[in-house]
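Examination of the molecular architecture
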Amino acid sequence: MNVNGAHFRLLLGRDDWSRCLDGDDDSASLLDGWWAAQASPMPELPATLPAWNAVRHELMLQPLPIELPPTEGETRLELAARRASAADRHGNVYRVADDHASLRVSAYGGNAEAVFWPAAPADCAPERERARLVFQAQATVSSRPGEHYLALTVTADDYLVAAFARQEQRGLMSFDLIAGGPPVETLWPATVAFEPFAMCPRHPCGAWILDRTHLRLWELDGTLAVVNTGQPLQPLAAPALDDFQPLSGSPRGQAATAFPGGLDLLAAPVLALDPIAIQPLESGGLLLLDRDTPLQRSRVLRLRRSVHAWRADASHWLHSLPALAHDMVHAAAPRFRDTAGQRLFISSGIGNQVHAFEVIDTAEIFMLQVSAELYPLRRHGGRALIRLRGDAYYDNGSAGLKWLPVVQQPRQRFAARAEFVTPVFDSTELGTTWDKVLLDACIPPDTEVEIDSRCGDDSNDAFGDAASPAAPAQLIASWLPEPSPRLRGNGSELPWLRHEATRATHQAAGAGTWELLLQRAQGRYLQLRIRLISRSGTDTPRLRALRAWFPRFSYPQRFLPAVYREDGVQGAFLERWLANFESTLTQVEDRLVQVQALFDARSTPAETLPWLARWFDLALDPGWDERRHRLLVQHAMDFFRWRGTVHGLRLALDLAFDRCFDPEGFAGPREGDDSARRIRIVEAWQTRLITMLANQGTGPAPLADGPRLVQRATLWSPAQGNADLASRYALWLGREAGMAEQITPFSLVPPADAEAVGHWRAFCQATLGFVPGVGAAERNHWQAYLQARYISHDDMNRALGTSYNSFASVSLPTAMPGASAARDTWQDFCSRREGRRERRLWSDFLARRYRRIERLQRAHGSNWPGFELVALPDSLPATWQAQLDWLQFEGRLLAMHRGAHRFSVLLPVDSVQADPWQLEQRLGLARRIVDLEKPAHTVFDVRFYWAFNRVGEARLGLDTQLGTGSRASELIPDAVVGRAYLGASFVGGPTRQHGSDRLSIDC
């Protein structure tokens, strides 16, 4: 509703437009006509019925297919011209030679072919022989007598499988396109008829083989073993007894062997006539191109597995083909004009174009919808249609064979006109004056939209039964012509609605909002008759939405004296003339009333988003799309709420890098935030090092030559006491357990002997779980302090009342010294900066745990007057509580504190083929984002991790992704100079772009 209280009735989307009625038959809706055309064996709409464009979501004229006439004198394509061809994922094309005597290959982007097999002698010889063979004549290995190749395909796991015939033998050759090397031959049983004609890959691995001669279809798994398709097995050998039998017991023999029979295409449930091509479907089914030669027609069968057998559950006759089908391929075509996705391209014997069909493949329905797009073929030799890097290609038929892409010619043909009638619009008020009709449409030059209207207060008088507008009725009101709609210069009448492109571009292309002021439409009910007209037949009007506004806000009635309405003719003219001004002024008033839409990120125009973002002190990245800008502004308060947290960092990074960013992340952390292929934030204090495994036994064992079984010793705990730890150390050193008193208490400072240090460190790692070091460092600081304070150790002993032999033998005090000089010396040392960090952490740890010094004195059995004076132990304390405090402080708290305020950001990388420059840009952007959003006191690093298991970077259960192993496509990059390594990449990549200074390397 606008500011003047007017409403509109809307037609938008397929459901609304499908309720319109056929202009020639008021009893049928557009939906009925569309369904009837789809159910017909010849799916063609009547020329007067409009069509629905599912990609643009618009109503348009019916597109008509363009049939290129055959060239006079040109020979039609025969099946004998077909040569099996296939491409690998890098774009290299393999095919059977014209003489069937060899396999040939052409590199992607190259202009020359080479012999792939039989190979040259140097390619098949061992390494030691290659150097000698290089200087010999490069003669091709002669194939075996009578050997020729029948069909081939490249499987999904990168094997080139070729069928060959050698005199009376038939078999398969399997070439490993990743590891290389000679092929592996698999001979077919001589008693089983086998004459391959066409092959295609099988999902997820393996191949399909079509035997046109014997009407058989063979399914091979990843090992090229024949899969039983539900047909009876063919016996190969009868049961036989072994030549040597045991002296007693039952006789031994060989069981009968059988071979899968393959799928019989001539029998039910397939009933094929003359199959010539096969293509796999992503759903796991199979398309079979079949021909009926006597009737000169072709069809496509869909084969699907039912329980354990394959059957043809649907078929579609190709009535639009002008001749018998020749070949087919299921692929995408570059440069789709209005549509996207894959097409089934089928060529006929004429050979000058391929016909495109959209495949509707669901569990309930299978249908081929004819596309009106034109895909011409230039000098097609008829060898093959192939799928190359996802797109459809064909051979050009010349002597220097080239593979050319199937490209749509930007030319279309449409029906001359279409007419339909809208549903009945009800205003619910008698005598309503309908104001205007607005169309969100594109009406190019040489096209036109004509509108007629009829109106009345009584539905029976005007349309029959309003509750059933599709029923036939005796109409009293007649159709009245309305003026042609005009393109609005100021855009849509809806407040703050903007088009995707600039207003000038829309006007030049005829796209925008078209307005029509209704002349004499007065009554409760309104119905429109719309005609779409194309004068040239090469373009069409496109209707996206229709809005019929009511009631009209009358300026003469509201603002002028009644004398201006006394003359009926002049009053009606004044009414319509002022309605033009009312339309413009109402739009301005609507925007003033709806100004709150400018403050909502969901409805504000895109150009005002930066202004709205500045309210939150946000700067929008110009590289982001409009959806991300709106989400960030809309959830700005939630974004700031999580700022400085792990979730806030992940939220900012996801907003910048995630292609399918989910706005639910603004609500808080979710369970799948740390899943595979997601940005990972790892705080350093949460990381754990794998502790060293202690050798089983009483002492260190020599290193073994290979892997050995190692059991980890039980970690010591304070409940076991000081004596237990000393006994363990004595056993570790190979001494008797009774000598443990000599090493009690256990020293937390490494011994002076270099060899003993290794044993001490290994024992601490195995028994304590870590190597103590804080006590030794504090002891060194204490000794250095005393050495700087006193001239000699004798002066120190006299001043402190001690009896140390040297400064190196001075240990840390276990209690507060009793002498005043020693007490003053210790207090002065504790106030020094050396070692202050660990000492302060130790004091804080004890103060938080005990709160009062008296509790510490009782627990430790000491007389320390304050927490800041408690010394770090350099030997294991006497009481179990003091031992527990030290163990938790140095074993856990210090390890966590070293990693506190540090974190790593791990960005996922899906493929090794990513551009290094783009990765560096991604890394730099992530660093800038984290630097803005992180807490000020933290330190971070940003690096990449891979979506697959990588040694040193993977965490089992989280990063490991099982796939096809070394044959995974993301592990095999294209060979690019400076970025790849020989033996770990393949020559491939896109062709040289126009204007590029880089040259491609031919085969």
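Our structure's up above, just so we're on the same page.
Below or above, wherever it landed, is the structure these notes cover.

About the cut-offs
- Residues numbered from 1 in each chain as written.
- Predicted model: local features only at pLDDT ≥ 70, side-chain atom pairs only at ≥ 80, totals over all residues.
- Heavy atoms only, no water.
- Buried < 20%, exposed > 50% of the residue type's maximum accessible area, 1.4 Å probe, protein only.
- Helix = DSSP H or I, 4+ residues; strand = E, 2+ residues; numbered from the N terminus.
- Pairing = 2+ DSSP bridges.
- 1 Å grid on protein atoms, 1.4 Å probe; cavity = no way out; pocket = protein on both sides within 12 Å on 5 of 7 lines; lining within 4 Å.
- Points joined across faces, edges and corners; volume = space filled by probe spheres on them.
- Expected span 1.5 Å × (residues − 1).
- Contact = heavy atoms within 4.5 Å.
- Axes fitted to C-alpha atoms, helices over the stretch in contact; angles between N-to-C directions.
- Left-handed = near helix turned anticlockwise from the far one by under 90°.
- Nonpolar A, V, L, I, M, F, W, Y, C, P; charged D, E, K, R; others polar.
- Salt bridge = Lys/Arg side-chain N within 4 Å of Asp/Glu carboxyl O.

Looking at the pairing of strand β16 (residues 216-220)
Buried residues dominate β16, accounting for four of its five residues. For strand β15 (residues 207-211) and β16, the ladder comprises five bridges, and the chain directions are antiparallel. Each bridged residue has a counterpart across the sheet, and for Trp208 the counterpart in β16 is Glu219. If you look at the hairpin formed by β15 and β16, you'll find four residues sitting between the two strands, and Leu215 has a positive phi there, around 50 degrees. Bridge analysis of β16 against strand β21 (residues 263-264) gives two bridges, and the strand direction is antiparallel. Its bridge partner lying in β21, Arg216 is registered against Asp264.

Side note on the pairing of strand β41 (residues 511-517)
When you tally the buried positions in β41, you get six out of seven residues, the bulk of the element. Where strand β37 (residues 436-442) and β41 come together, seven bridges link them in antiparallel fashion. If you follow Asp440 over to β41, its bridge partner there is Thr513.

Some remarks on empty space enclosed by the protein
Picture a little ball the size of a water molecule; that probe, rolled over the atoms, points out where space is still empty. Per the counting criterion, the structure on display carries two cavities of 30 Å³ or more. Lining the second largest cavity are His647, Arg650, Leu651, Asp654, Phe661, Gly665, Arg670, Asp673 and Arg678.

So, the environment of Gly769
Relative to the assigned elements, Gly769 resides in the loop between α14 (754-767) and α15 (774-789). According to the relative accessible area criterion, Gly769 is partly exposed, its value standing at 21%. Separated by 122 residues in sequence, Gly769 and Gly891 have C-alpha atoms that sit 7.6 Å apart.

Brief notes about α15
Helix length check: α15 (16 residues) gives 23 Å between terminal C-alpha atoms against 22 Å at 1.5 Å per residue, within 8%. Among the residues making up α15, those that are buried are Val774, Gly775, Ala776, Glu778, Arg779, Trp782, Gln783, Tyr785 and Leu786. On its buried side, α15 packs onto α16 (793-800), α17 (820-830), α18 (836-850) and α20 (880-899).

A few points about the packing of helix α12 (residues 646-657) against helix α21 (residues 916-933)
For the pair α12 and α21, interaxial distance at closest approach is 10 Å and the crossing angle is 145 degrees. Seen along the crossing, α12 lies across α21 with a hand that is right-handed. In this structure, α12 contributes Leu649, Ala652, Leu653, Ala656 and Phe657 to the contact, and α21 contributes Arg922, Leu925, Ala926, Ile929, Val930 and Glu933. The class makeup of the residues in the contact of α12 with α21 is nine nonpolar, no polar and two charged.

With respect to the pattern of salt bridges
The tally for this structure, following the rule as stated, stands at 49 salt bridges. In this structure, a network of salt bridges that share partners links the residues Arg95, Asp98, Arg104, Glu113, Arg383 and Asp395.

Brief notes about the sheet that holds strand β10 (residues 147-154)
Judged by pairing direction, the sheet is antiparallel, and its four strands sit side by side in the order β10-β11-β12-β13 without closing on themselves. Unpaired on one side and paired on the other, β10 and β13 (184-187) mark the two borders of the sheet. Across the sheet, the mean angle from the axis of one strand to that of its neighbour is 25 degrees, orientation sign disregarded. Bridge analysis of strand β12 (residues 169-176) against β13 gives four bridges, and the strand direction is antiparallel. Bridge assignment links Ser174 to a residue of β13, and that residue is Val184.

Notes on the sheet that holds strand β24 (residues 297-306)
With respect to topology, four strands assemble into an open sheet ordered β22-β23-β24-β25, the strand pairing being antiparallel. The sheet terminates laterally at β22 (275-280) and β25 (309-317), the two strands that pair on one side only. Direction aside, neighbouring strands of the sheet carry axes that sit 25 degrees apart on average. Where strand β23 (residues 286-292) meets β24, seven bridges bridge the pair, whose relative direction is antiparallel. Across the sheet, Asp292 pairs through a bridge with Arg297, a residue of β24.

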